[in-house]
There are 2 protein chains.
Amino acid sequence: MGGCGKEGGGGGMAAQVGRLGVVASVAINLAALALYLRRRYFGDDAGGGRKGEEAAVAPSSGKPPVTPDSVINLDHGDPTMYEAFWRGGAGEGATIVIPGWQTMSYFSDVGSLCWFLEPGFEREVRRLHRLVGNAVTDGYHVLVGTGSTQLFQAAIYALSPPGAAAPMSVVSPAPYYSSYPAVTDYLKSGLYRWAGDAKMFDGETYIELVCSPNNPDGGVREAVLKSGAGVAVHDLAYYWPQYTPITQAAANDIMLFTVSKCTGHAGTRLGWALVKDRAVAQKMSKFIELNTIGVSKDSQLRAAKILKAITDGYERAPAAAGDDSGHLFHFARRQMVARWAALRAAVAASGIFTIPDELPGHCTFAKETVAAYPPFAWLRCEKEGVDDLEGYLREHKIITRGGGKFGADGRVVRVSMLDTDEAFAIFVGRLAAMK
Amino acid sequence: MGGCGKEGGGGGMAAQVGRLGVVASVAINLAALALYLRRRYFGDDAGGGRKGEEAAVAPSSGKPPVTPDSVINLDHGDPTMYEAFWRGGAGEGATIVIPGWQTMSYFSDVGSLCWFLEPGFEREVRRLHRLVGNAVTDGYHVLVGTGSTQLFQAAIYALSPPGAAAPMSVVSPAPYYSSYPAVTDYLKSGLYRWAGDAKMFDGETYIELVCSPNNPDGGVREAVLKSGAGVAVHDLAYYWPQYTPITQAAANDIMLFTVSKCTGHAGTRLGWALVKDRAVAQKMSKFIELNTIGVSKDSQLRAAKILKAITDGYERAPAAAGDDSGHLFHFARRQMVARWAALRAAVAASGIFTIPDELPGHCTFAKETVAAYPPFAWLRCEKEGVDDLEGYLREHKIITRGGGKFGADGRVVRVSMLDTDEAFAIFVGRLAAMK
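All of the points below concern the structure found in this document. Note that the coordinates shown come from a computational prediction; the quantities given were computed from them, not determined experimentally.

Rules behind the numbers
- Residues numbered from 1 in each chain as written.
- Chains lettered and ligands numbered in written order.
- Predicted model: local features only at pLDDT ≥ 70, side-chain atom pairs only at ≥ 80, totals over all residues.
- Heavy atoms only, no water.
- Helix = DSSP H or I, 4+ residues; strand = E, 2+ residues; numbered from the N terminus.
- Expected span 1.5 Å × (residues − 1).
- Buried < 20%, exposed > 50% of the residue type's maximum accessible area, 1.4 Å probe, protein only.
- Contact = heavy atoms within 4.5 Å.
- Buried area = accessible area lost by both parts, 1.4 Å probe.
- Salt bridge = Lys/Arg side-chain N within 4 Å of Asp/Glu carboxyl O.
- Polar contact = N/O pair within 3.5 Å; in protein donor to acceptor, adjacent residues only side chain to side chain.
- Nonpolar A, V, L, I, M, F, W, Y, C, P; charged D, E, K, R; others polar.
- Pairing = 2+ DSSP bridges.
- Axes fitted to C-alpha atoms, helices over the stretch in contact; angles between N-to-C directions.
- Core = buried A, V, L, I, M, F, W, Y, C linked by side-chain atoms within 4.5 Å.
- Parallel < 35°, antiparallel > 145°, perpendicular 65-115°, else oblique.
- Least-squares fit on C-alpha atoms with pLDDT ≥ 70 in both.

Glancing now at helix 5 (residues 119–132) of chain A. All names here are of chain A. For helix 5, which comprises 14 residues, the first-to-last C-alpha distance of 20 Å matches the rise-based estimate of 20 Å (1.5 Å per residue) to within 8%. Within the span of helix 5, buried status applies to Gly120, Phe121, Glu124, Val125, Arg126, Arg127, Leu128, His129 and Val132. Buried positions along helix 5 lie against strand 3 (141–145), strand 8 (254–258), helix 8 (259–263), strand 9 (271–275), helix 10 (297–316) and helix 11 (328–350). Phi for glycine 133, located one or two positions after helix 5, is positive at around 75°.

What follows is the structure in structure tokens.
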């Protein structure tokens with residue numbers, strides 16, 4: 001991981017995207033790639049039998065299955081990699097049954113600051129953070145949102161004074177998550193507006209979005225701007241042990257998390273915020289009331305069971321080498337290790353790409369020194385004449401998101417590392433063959 | 001119903017809220033009220049045993065139970081009245097089981113215009129409209145939203161050109177749903193702004209919100225403005241047989257519906273839109289992508305089962321007199337008839353209030369002439385000195401929403417008719433005693 005971001009040393013955009021190297025570790029080689037391509041399918045993912053199906057209305061299965069000739073779409077960070085875990089033993093505990101008469105009211109706890117927050121979901125959020133140690137929850141208000149995207153909008157709404165002369169500036173250091181500018185500006189709000197790369201910004205009043213580990217490049221970040229009138233929103237969607245060493249319990253004023261990237265349940269559209277200040281939490285809650293009159297209780301009930309299954313899995317028995325069927329973070333880390341090894345091997349085989357260096361750190365959750373395995377690869381092409389890497393990869397039927405959308409240049413793209421095993425295997429196979 | 005709105009004759013605000021009368025129908029008398037107060041509890045709602053509970057994480061139950069001394073909150077249209085139906089026989093078919101591995105992807109149908117719409121939900125939406133005959137679906141795009149509130153915002157976003165010199169004016173004839181101004185203006189969008197009572201508006205370019213039957217007063221409405229450059233959004237949340245005669249299959253350009261007011265599942269936060277124009281549907285879908293990256297699949301799966309249970313109930317057997325346990329609209333209409341009878345009796349007993357007249361019409365679904373029983377009572381106080389009816393009722397521990405929020409005067413309030421039987425019984429008891 002790393003190699004990017006202010007904390008790495010540099011500062012300017014050139015430094016951000018520089019210092020990437022082809023890694024030639026002995027452990028990461030073409031043999032790993034070959035092995036990976038062979039075991040494309042997880043053991044229990046036999047395709048046909050969707051066991052446990054009781055819904056008379058068939059649910060969707062997301063994207064269609066891929067074949068070697070398919071277009072491979074790694075544009076979104078669609079976390080379907082996790083499905084194999086939930087089809088295994090741990091999935092039993094995560095099954096939810098909702099009778100027809102349940103949770104019909106708009107309200108979950110009518111007297112609460114966040115009156116649409118299911119108490120059981122809040123309990124499991126606090127319990128999971130205590131298990132993982134990635135965020136302080138004591139003294140924080142818990143808010144629920146329709147994904148962390150809604151909570152991000154709730155935060156910038158809450159932090160922008162309604163009567164200000166000019167809209168509040170919203171900034172983040174490049175490369176920044178491509179949705180930040182789009183989501184800030186789509187309604188042309190008079191309350192706030194996107195003001196670009198935080199490193200170029202010289203105002204006194206602003207909201208800085210701090211995404212750590214950073215989407216798209218995996219960099220571990222702290223706020224870069226220091227002004228008494230500036231405030232930060234910490235997007236910690238990827239601060240989980242499968243992606244990065246947990247080095248401390250974060251205790252920022254506003255911290256955003258999402259089920260999508262923690263457990264893989266993107267379709268559940270559920271995020272949560274930990275908010276220190278009561279008045280800010282109230283305004284964020286008001287935003288969600290105006291925007292969607294609360295948040296799906298069905299998703300909250302389901303997410304509560306899913307988080308509970310994870311924590312229960314770790315409390316029942318410590319993670320054991322060789323069996324991570326009941327331990328989500330260990331399972332996911334194993335997948336990420338294998339995928340990054342395969343990707344590094346493909347990059348080495350091709351010779352025209354570079355990816356960020358692998359940076360280790362001591363993880364208080366794993367209780368060992370581990371490397372970071374970001375959910376996205378920030379892939380750069382060094383080949384002469386390839387100035388539009390997104391377009392170049394599209395010619396090879398690989399859909400990625402070009403650097404321009406992240407405030408970076410066109411020779412770099414963001415690639416999701418969280419798609420199905422099958423899609424990822426085809427991706428690395430094609431990448432290795434590009435010369 | 002009725003007595004309000006342009007179709008009733010008048011036009012100005014005075015006419016809107018006028019022409020209300022104390023109804024002295026023989027069928028509606030104090031005996032009805034006494035009867036209603038006696039049978040405060042539904043047969044199978046014994047309180048204790050929440051049967052079928054399998055969730056290890058306990059769900060909320062909404063608002064706490066009421067006692068004769070409780071504050072009765074009828075501010076929101078919280079449709080908890082319906083819980084009794086779903087606890088009965090029909091509820092079995094509406095139970096949903098979601099295994100831990102299901103619908104994890106962001107996508108439901110990656111190639112579809114509304115890529116986050118569960119195909120099973122769309123199917124049941126079309127099927128239900130065919131059963132009820134309240135809206136044309138052939139030739140329409142179906143969109144899903146986090147409640148119809150999100151779809152309302154999607155619609156005004158889609159209908160407001162991004163490069164316009166001034167924000168698009170959003171109007172609706174008073175009394176209008178109190179959320180329209182708040183939800184239009186909370187982000188101070190440069191795309192659109194609330195421009196108030198449609199009857200006072202004289203611009204050429206606008207979006208008119210047509211709520212029919214109307215929230216708060218139950219009036220049956222059509223667009224009042226006629227300009228080639230104006231467009232209408234039809235909010236048909238209450239166009240279901242329990243509230244109003246179904247007189248035709250609506251075929252407007254944009255029609256909004258919500259599970260909350262059709263089936264009572266407000267906590268599920270699910271609405272849908274029927275949209276004729278493909279480009280408008282695409283822009284609405286884009287809004288939901290930017291706002292919340294799609295809509296909870298858990299809610300979509302659940303809502304699909306709920307709608308299916310309703311349609312199946314009617315297809316299995318026609319509604320029979322005396323047994324509406326499998327027929328939602330008949331069950332709900334019976335409740336509404338009883339509640340409106342009790343309310344009219346209380347109004348007559350008190351002598352200081354008036355409510356809109358009861359207007360009948362031929363319902364193509366019920367195949368008979370039935371009266372309208374709106375989900376809200378638009379309650380006016382004729383007593384000298386009561387200029388703030390909301391405050392006056394609050395002194396009697398009854399929370400309602402004052403007329404000012406709907407563009408009307410303070411002598412009128414909106415009262416939810418959809419709360420629990422217990423809360424509604426206490427409300428009418430207190431109302432009858434006010435002199």
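Counting from both sides, the interface comprises 86 residues of chain B and, opposite them, 86 residues of chain A. Considering only the surface of chain B that becomes buried against chain A, Trp101, Met104 and Tyr106 of chain B emerge as the three largest contributors, covering 12% of it. Scanning the region where chain B abuts chain A turns up two salt bridges. Salt-bridge contacts for aspartate 298 of chain B lead to arginine 302 of chain A; the nearest nitrogen and oxygen are separated by 2.8 Å. Summed over the shared surface of chain B and chain A, the number is 49 residue pairs in polar contact (both at pLDDT 80 or more). Of all the elements, helix 10 (residues 297–316) of chain B adds the most residues to the side of chain B that touches chain A, at eight residues. Across the side of chain B that touches chain A, the residue classes break down as 36 nonpolar, 31 polar and 19 charged. Both strand 2 (residues 96–98) of chain A and strand 2 (residues 96–98) of chain B contribute to a ladder of three bridges, which runs antiparallel. Looking across to strand 2 of chain B, one finds that isoleucine 98 of chain A is bridged to isoleucine 96 of chain B.

Below, the discussion takes up the sheet that holds strand 13 (residues 376–381) of chain B. Residues and elements named next belong to chain B. Ordered by their spatial adjacency, four strands build an open sheet running 10-13-16-15, and the pairing between neighbours is antiparallel. Lying at the two open borders of the sheet, with one neighbouring strand each, are strand 10 (353–354) and strand 15 (401–402). Relative to strand 16 (residues 412–416), strand 13 runs antiparallel, the two being bridged by five bridges. Paired with arginine 380 across the bridge in strand 16 is valine 412. In this fold helix 11 (residues 328–350) packs onto strand 10 and strand 13, with an angle of close to 5° to the strand it touches most, strand 13.

With that settled, consider the environment of lysine 435 of chain A. Residues and elements named next belong to chain A. Mapping lysine 435 onto the fold places it in the segment after helix 13 (421–433). With 52 residues separating them in the primary sequence, lysine 435 and lysine 383 have C-alpha atoms 8.5 Å apart. Separated by 2.6 Å, the side chain of lysine 435 and the backbone oxygen of alanine 349 make a polar contact. Polar side-chain contacts of lysine 435 include one of 3.4 Å to the backbone oxygen of alanine 432.

A word on the nonpolar core. Ranked by internal contacts, the top residues of the largest apolar core, which has 252 residues, are Trp86, Met284, Leu343 and Phe353 of chain A together with Trp86, Met284 and Leu343 of chain B. Excluding anything up to four places from it in sequence, tryptophan 86 of chain B contacts Gly100, Trp101 and Met104 of chain A together with Gly91, Ala94, Thr263, His265, Ile306, Ala309, Ile310 and Leu328 of chain B.

Between helix 6 (residues 147–158) of chain A and helix 9 (residues 278–292) of chain B, the least distance of the axes is 6 Å, while the angle of their chain directions is 75°. In terms of orientation, helix 6 of chain A lies roughly perpendicular with respect to helix 9 of chain B. In this structure, helix 6 of chain A uses Thr149, Gln150 and Gln153 of chain A to contact helix 9 of chain B, whose residues at the interface are Leu290, Asn291 and Thr292 of chain B. When grouped by side-chain class, the residues that make up the contact of helix 6 of chain A with helix 9 of chain B number one nonpolar, five polar and no charged.

A word on the relation of the copies chain B and chain A. Between chain B and chain A, the superposition needs a rotation of 180° and an axial shift of 0.0 Å, giving an RMSD of 0.0 Å. One copy is carried onto the other by what is essentially a two-fold rotation axis. Here 100% of the contact residues of chain B are again contact residues in chain A; the copies associate through an equivalent surface.

Attention shifts here to the pairing of strand 4 (residues 168–172) of chain B. All names here are of chain B. The element strand 4 is extensively covered by neighbouring structure, given that five of its five residues are classed as buried. Across the two faces of strand 4 the burial is the same, with Met168, Val170 and Ser172 and Ser169 and Val171 all buried. Alignment of strand 4 against strand 5 (residues 192–197), held across five bridges, turns out to be parallel. By the bridge assignment for strand 5, valine 170 is matched with tryptophan 194. The pairing of strand 4 with strand 6 (residues 206–211) spans three bridges and is parallel. The residue of strand 6 that forms the bridge with valine 171 is glutamate 208.

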